[in-house]
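Each chain is listed here by its residues.
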Amino acid sequence: MDSVELHVPPDVAYVGLTRLIVTRAARQAGMDEVRVEDLKIAVSEATTQAILDRERRGGAEPIALTFGASGGRFEVTVHGAGEHVGVASTPIAGDWPDDGSLGVTVIEGLTDEVQLVRRDGDRVDMKVSVRLDANGGRSADR
Amino acid sequence: MELSLHHRTEGDHTVLDVGGEVDVYTAPKLRERLVELVGEGHYNLVVDMTKVEFLDSTGLGVLVGGLKRVRAHEGTLALVCNQERILKIFRITGLTKVFPIHDSLEEALQGQS
């Protein structure tokens, strides 16, 4: 499957659209439905973080995502996910962290791998990877 | 992507039926409704999520906020949820230890009595 690049305005109204498009691509790549649901949440979390980061910084540039299947996995990169994105502390039982870190906890819990790559300045790209099926290893590359 | 919210009274409880997708775009609407309900004196809430099609951490945050509000009035907030794809996110975040989560509305209403 070729890699796809998607640009959406930095507006929370578009988070649903990114879920729709990325999960459609994942299904097309052969991902099983359970994993698609996991990916859906992960994409929502990552895109949300990127948009909220833009809002905090007053940025207007679109959110860019690249995604596609490779080697039995589906990978999604949210470019410029936010300078504050990071690993949350242990799951909460009372205090709710409002810095977006819980979104990363969720992403880590639902995907097979999360990479945070710091680029120019404070830009951080978040790359998540999900196996195409729960048993792993099936490649749906076309 | 629409969010539907309807509330009704069941005995001593107020049931809030939530349907559709709860994310950063729609969650404010849910938050507003929970704030309204608590403001109107509804302190024993059951949020029925059986028709929720999507929920992420933004939605969880709103529910946590609702729980805090009712607790300030010694109230309760229970959830009805039987969808694994929604329950999974509660487990990952540890919120299964925070919210009473029931398989059915009947169970939730009995459990809250």
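That block above? That's the structure.
In this text, all values refer to a predicted model and were calculated from it rather than measured experimentally.

Participant: Is there a simple way to explain the overall build of chain A in this structure?
Facilitator: A count of helical and extended segments in chain A gives three helices and five strands. Reading the helices (α) and strands (β) of chain A from amino to carboxyl end gives β-α-α-β-β-α-β-β. In chain A, which comprises 142 residues, the proportion classed as buried is 52%. For chain A, contacts bridging at least 24 residues in sequence account for 66% of all contacts bridging at least 6. Accessible area of chain A: about 6,400 Å², with a carbon and sulfur share of 47%.

Participant: Is there a simple way to explain helix 1 (residues 27–39) of chain B in this structure?
Facilitator: Because the α-helix completes a turn every 3.6 residues, residues three or four places apart line up on one side. Taking 1.5 Å as the rise per residue, helix 1 of chain B with 13 residues should run 18 Å; its terminal C-alpha atoms sit 18 Å apart, in good agreement. Against the buried residues of helix 1 of chain B lie strand 1 (3–10), strand 2 (13–22), strand 3 (44–55) and helix 2 (57–71) of chain B.

Participant: What's the story with the packing of aromatic side chains in this structure? I'm lost.
Facilitator: By convention here, two paired aromatic rings are described through the distance between centres and the angle between planes. Residue and element names in this part refer to chain B. Per the counting criterion, the structure on display carries two aromatic pairs over all chains. Pairing F90 with F99 gives two aromatic rings, centres 6.0 Å apart and planes at 90°, and the pair type is edge-to-face. Taken individually, F90 and F99 each receive the classification buried, so the pair is uniform in this respect.

Participant: How should I be thinking about the sheet that holds strand 4 (residues 113–118) of chain A in this particular structure?
Facilitator: Sheet strands line up and pair through hydrogen bonds in the backbone, either parallel or antiparallel. All names here are of chain A. Pairing is antiparallel across the open sheet formed by five strands, whose spatial order is 1-2-3-5-4. Looking at which strands have only one partner, the edges of the open sheet turn out to be strand 1 (4–8) and strand 4. Looking at each pair of strands side by side, their axes are set apart by 15° on average, direction ignored. As defined by bridge partners, strand 4 adjoins strand 5 (residues 124–131) across six bridges and the pair is classed as antiparallel. Bridged to R118 within strand 5 is V124. With respect to the sheet, helix 2 (residues 33–57) is in contact with strand 2 (63–70), strand 3 (73–79) and strand 5, its orientation differing from that of strand 3 by roughly 10°.

Participant: I would appreciate a short explanation of the pattern of salt bridges in the present structure.
Facilitator: Counted according to the given criterion, the structure contains 17 salt bridges over all chains. When the shortest N-O distance is used, the salt bridge between D125 of chain A and R119 of chain A registers 2.6 Å. Under the relative-accessibility criterion, R119 of chain A is labelled partly exposed at 45%. Of the charged contacts in the structure, one is a salt bridge between R33 of chain B and E36 of chain B, with a shortest N-O distance of 3.7 Å.

Participant: Any chance you could explain helix 2 of chain B here in plain terms?
Facilitator: Residues and elements named next belong to chain B. Taking 1.5 Å as the rise per residue, helix 2 with 15 residues should run 21 Å; its terminal C-alpha atoms sit 21 Å apart, in good agreement. Buried within helix 2 are the following residues: S57, G59, L60, G61, V62, L63, V64, G66, L67 and V70. Its side-chain oxygen at 3.1 Å from the backbone nitrogen of T58, D56 defines the N-terminal cap of helix 2.

Participant: Even after reading the chapter, I still don't get the interface of chain A and chain B, so can you show me in this structure?
Facilitator: Interfaces are often described in size by the accessible area the parts lose on coming together. Of the residues lining the interface, 27 residues belong to chain A; the matching set on chain B comes to 22 residues. Across the chain A to chain B interface the summed buried area is about 1,900 Å²; carbon plus sulfur atoms make up 65%. Taken together, the connections running from chain A to chain B amount to four salt bridges. With a shortest N-O distance of 3.5 Å, R85 of chain B and E37 of chain A are connected by a salt bridge.

Participant: Hey, could you run me through unusual backbone geometry in this one?
Facilitator: Even without being a glycine, E74 of chain B presents a positive backbone phi close to 60°. Position of E74 of chain B relative to the elements: it lies in the loop between helix 2 and strand 4 (76–80).

Participant: Quick question: what am I supposed to make of the packing of helix 1 of chain B against helix 2 of chain B here?
Facilitator: All names here are of chain B. Look at helix 1 against helix 2: their axes get within 9 Å of each other, and the N-to-C directions meet at 10°. Compared by their axis directions, helix 1 and helix 2 come out roughly parallel. Across from A27, L30, R31, L34, V35 and V38 in helix 1, the residues of helix 2 making contact are T58, V62, L63, G66, R69 and V70. Partitioning the contact of helix 1 with helix 2 into residue classes produces eight nonpolar, two polar and two charged.

Participant: Help me understand the side chain of T14 of chain B, please; the structure alone is not making it clear to me.
Facilitator: All names here are of chain B. Within the secondary structure, T14 is located in strand 2. A residue is classified by how much of its surface remains accessible, and T14, at 5% relative accessible area, is buried. Reaching out from T14, the side chain makes a polar contact with the side chain of H42 at a distance of 2.7 Å. Excluding residues within four positions of it along the chain, T14 makes contact with H7, R8, L37, H42, N44, L45 and V46.

Participant: Even after reading the chapter, I still don't get the sheet that holds strand 1 of chain B, so can you show me in this structure?
Facilitator: With respect to topology, five strands assemble into an open sheet ordered 1-2-3-4-5 (chain B), the strand pairing being mixed. Strands with a single pairing partner mark the edges of an open sheet, and in this sheet they are strand 1 and strand 5 (101–102) of chain B.

Conventions and cut-offs
Residues numbered from 1 in each chain as written. Chains lettered and ligands numbered in written order. Predicted model: local features only at pLDDT ≥ 70, side-chain atom pairs only at ≥ 80, totals over all residues. Heavy atoms only, no water. Helix = DSSP H or I, 4+ residues; strand = E, 2+ residues; numbered from the N terminus. Buried < 20%, exposed > 50% of the residue type's maximum accessible area, 1.4 Å probe, protein only. Contact = heavy atoms within 4.5 Å. Areas by Shrake-Rupley, 256 points an atom, 1.4 Å probe, with all protein chains shown as cover. Expected span 1.5 Å × (residues − 1). Phe/Tyr/Trp six-rings, centres within 6.5 Å; stacked < 30°, edge-to-face > 60°. Pairing = 2+ DSSP bridges. Axes fitted to C-alpha atoms, helices over the stretch in contact; angles between N-to-C directions. Salt bridge = Lys/Arg side-chain N within 4 Å of Asp/Glu carboxyl O. Polar contact = N/O pair within 3.5 Å; in protein donor to acceptor, adjacent residues only side chain to side chain. Buried area = accessible area lost by both parts, 1.4 Å probe. Parallel < 35°, antiparallel > 145°, perpendicular 65-115°, else oblique. Nonpolar A, V, L, I, M, F, W, Y, C, P; charged D, E, K, R; others polar.

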